[in-house]
Amino acid sequence: MSTKFSGNGYKKMSINRDAWAMLEIAQREGIETVWDRLAAQEPQCGYCNLGTSCRNCAMGPCRVDPFGDGPQKGVCGADADIIVARNLARTIAAGASAHSDHGRDILETLHIVGEGKSDVYQISEPEKLHQLAEEYGVSIDGKSDQELAAELSWEMMEDYGMRRKKLPLAGRAPAARQEIWEKTGVYPRGVDRENVETLHRTHMGVDNDWVNILLHAVRNSLSDGWGGSMIATELSDVLFGIPKPNSSSVNLGVLKADQVNIILHGHNPMLSEVIVAASQDEEILALAKEKGAQGINLAGLCCTGNEVLMRKGIPMAGNHLMQELCIMTGAVELMLVDYQCIMPSVGETAKCFHTKVISTFDKAKFPNAEHISFDPARGLEIGKQIVRTAVENYENRVPEKIRIPVEPVPMMAGFSVEAILGALGGTPQPLIDAIVDGSIRGAVGVVGCSNPKIKQDLGHTELTKQLIANDILVVVTGCAAVADGKAGLMVPEAADLAGPGLSAVCKALGIPPVLHMGSCVDNTRILVLAAALANTLGVDISALPLAGAAPEWYSEKAVAIGTYVVGSGIYTVLGTAPPVFGSPNIVNLLTEGLQDVFGATFAVEPDPNRAAVLIRRHIERKRAGLNLPAISPDSIAMPEAELTLV
Ligand code: SF4
Ligand code: SF4
């Protein structure tokens, strides 16, 4: 099957010129894309969309028809509430597992460093290593960094097990938030424990109280946000460096026609960090010259891209929906994949070109890809082997197939919590002062994926523009960050698009109004920043004028993120409807009932302009709650009836 849009219908798929150019090529040359496969799936299953289908056992599969005359219960007797709750909990467990297993891989690498067995990794941030050691009760007296790495890694491995009553990093949350978790019985204990318990509870015949299932799902998500993901972020900083503001560029224009192009795709920075080192190896650079290339050019995709962009300023080729399209430039010698968000189709796309796809993690193999098993103890050796493979593939290029469609757009990245606090003089106080005096009305994390059901990047960029225009600081991660980068919102000059208050603050600090805080696991940086603001003010996170948004999410990980964000007290607006609408009870719980328990709820609003109104109203309510100068939420014009899907 090939891409078949009528006329220039491909323009409906994305807001970006680079995507249009590649989709036009796909159409002309009959190359299949994610949009073709979506079209082939339509109409998608209504039961699955409502969340009321279940295949948890072999008495099924079952489908429950809550709004019609069909069956109201599955074979076992589960009704729509139970089935929707079980499905949602399993989605959260899968997302939390993905993040947390990523964290485990980084943790095992720290352990290898502690044993002195790595050929390349080292402790890049001893201060952060010491801080973590203190948080875990590991004495630092008289110990070398290597000894500390060994001891801390053993201690952190306990986070994955069942011996803890509380995850140590959850102690970073404000006391009031921790009390809520204690009171509700959702304080996260062990990363693997919560994931496994979700799978147990959702087996047929275990937990059949839908509220009880969902409370555990929140606990499971918290074990991700304040556990596995936070470990991934913190230890990546320890090993590879705390991100600092840097200038880079984004879109398919970052590929270079006269260089060996290597795409780094996936989520885990372990291998991509060594690829950066290997690509600077004199011998390999000389080989590239010999093959006729002017150099070796690295470019990122998805969150591996965000990791190396944040720390090394490596340019970003694009976000999730660009993975097939970037191969169609004909300029990619090698796409290196680790795990998560890598479409199984990329190897098929690559067969139309000279591009090699190399998979690297034994837990993530792909069709039509060569597999090189990554061993962190031999990281540099393997990294060099991979870069050499890319260089050798340069001579297989087909010159008439090289089509790099646009010029890159500049963007800034690298706004870790440490970098943000550094820019503010070491404390959150200046940011709090700006929020108090109203020059910044609040802050919103716009995060998450791209989804072919939504015009690529429209949700992210429209929402972001609305928020900054209304003096709301936006922090971004994941594919949302790449979208805003492409739209030119992540350079200091974008302060001109912000309202007068935010614009003045950004200009004084020389920063963009949209700050790139990292990859998907780095949403934990947003939690840490929110906790720092709350702790400085002596309030819970839920009292702050903050919100989250995932305008174009698709991934199970995004559901885990959204849930731990709400469970941490931050109101969150989803652009893609989650499969819960088959249970009005659960919709009510998620959009209203959670307020009484966690001080925050979900909303679902696909229209980014309406989502901006919801968020602005929420922020003004929170400001009023703190006795800060607030405008009336009702003065933010938009008829209530037009606002919410739920
Ligand atoms: S668990 Fe119940 S609803 Fe699910 S497939 Fe089995 S019988 Fe059907
Ligand atoms: S934001 Fe979503 S699509 Fe993008 S890399 Fe993260 S999980 Fe994958």
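Residues numbered from 1 in each chain as written. Chains lettered and ligands numbered in written order. Predicted model: local features only at pLDDT ≥ 70, side-chain atom pairs only at ≥ 80, totals over all residues. Heavy atoms only, no water.

(A) Summary view of the sheet that holds strand S15 (residues 572-574). Across the sheet, which stays open at both edges, the 6 strands sit in the order S13-S12-S11-S14-S15-S16 with parallel pairing between neighbours. The open sheet is flanked by strand S13 (514-518) and strand S16 (602-604), the only strands paired with a single partner. Put simply, the sheet's adjacent strands are angled 25 degrees from each other on average, direction ignored. Pairing geometry for strand S14 (residues 546-550) and S15, over 3 bridges, is parallel. Within S15, the residue paired with Gly548 across the bridge is Thr572. (Pairing = 2+ DSSP bridges. Helix = DSSP H or I, 4+ residues; strand = E, 2+ residues; numbered from the N terminus. Axes fitted to C-alpha atoms, helices over the stretch in contact; angles between N-to-C directions.)

(B) Examining unusual backbone geometry more closely. Pro43 follows Glu42 through a cis peptide bond whose omega is 0 degrees. Within the secondary structure layout, Pro43 lies in the loop between helix H2 (34-41) and helix H3 (46-50). Of note, the bond from Gly60 into Pro61 is cis; its omega dihedral lies within 30 degrees of zero at 10 degrees. Here Pro61 shows up in the loop between strand S1 (53-54) and strand S2 (62-63). Despite not being glycine, Asn368 has its phi angle at roughly 60 degrees, a positive value. Relative to the helices and strands, Asn368 resides in the loop between strand S8 (356-359) and strand S9 (370-371).

(C) Examining the pairing of S8 more closely. Alignment of strand S7 (residues 334-337) against S8, held across 4 bridges, turns out to be parallel. Within S8, the residue paired with Leu336 across the bridge is Ile358. Pairing of S8 with S9 involves 2 bridges; the strand directions are parallel. Paired with Ile358 across the strands is Glu370, a residue of S9.

(D) Layout of the environment of Lys143. Positionally, Lys143 belongs in the loop between helix H5 (126-135) and helix H6 (145-157). By relative accessible area, Lys143 is classed as partly exposed at 24%. Residues Lys143 and Pro545 lie 402 residues apart in sequence; the distance between their C-alpha atoms is 42 Å. Among the polar contacts listed, one links the side chain of Lys143 to the backbone oxygen of Ser139, at a separation of 2.6 Å. (Buried < 20%, exposed > 50% of the residue type's maximum accessible area, 1.4 Å probe, protein only. Polar contact = N/O pair within 3.5 Å; in protein donor to acceptor, adjacent residues only side chain to side chain.)

(E) Focus on the pattern of salt bridges. On inspection of all chains with the given rule, the structure shows 40 salt bridges. Across the pair Asp237 and Arg525 runs a salt bridge, and its minimum N-O distance is 2.9 Å. Here the residue Asp237 occupies a position in helix H9 (residues 210-240), and Arg525 occupies one in helix H21 (residues 523-537), the gap between them amounting to 288 residues. The two residues Asp237 and Arg525 agree in class, both being buried. Between Glu395 and Lys291 there is a salt bridge, and its shortest N-O distance comes to 3.4 Å. One end of the pair, Glu395, is in the loop between helix H15 (379-393) and strand S10 (409-413); the other, Lys291, is in the loop between helix H11 (282-290) and strand S5 (296-301), and 104 residues separate them in sequence. Overall, Lys291 belongs to the partly exposed group, its relative accessible area being 24%. Via salt bridges that share partners, Lys128, Glu135, Arg172, Glu234, Asp237, Glu307, Arg311, Glu418, Asp522 and Arg525 belong to a single interconnected network. (Salt bridge = Lys/Arg side-chain N within 4 Å of Asp/Glu carboxyl O.)

(F) How the structure looks around H11. For H11, every residue scored as buried is listed here: Ile284, Leu287 and Ala288. Relative to the axis of H11, the buried residues are bounded by an arc of 105 degrees and lie together on one face. Away from its buried face by more than 90 degrees, H11 exposes Glu282, Glu283, Lys289 and Glu290. Its buried side turned inward, H11 meets strand S4 (260-266), helix H10 (269-278), S5 and H15. (Arc of directions from axis to C-beta. Contact = heavy atoms within 4.5 Å.)

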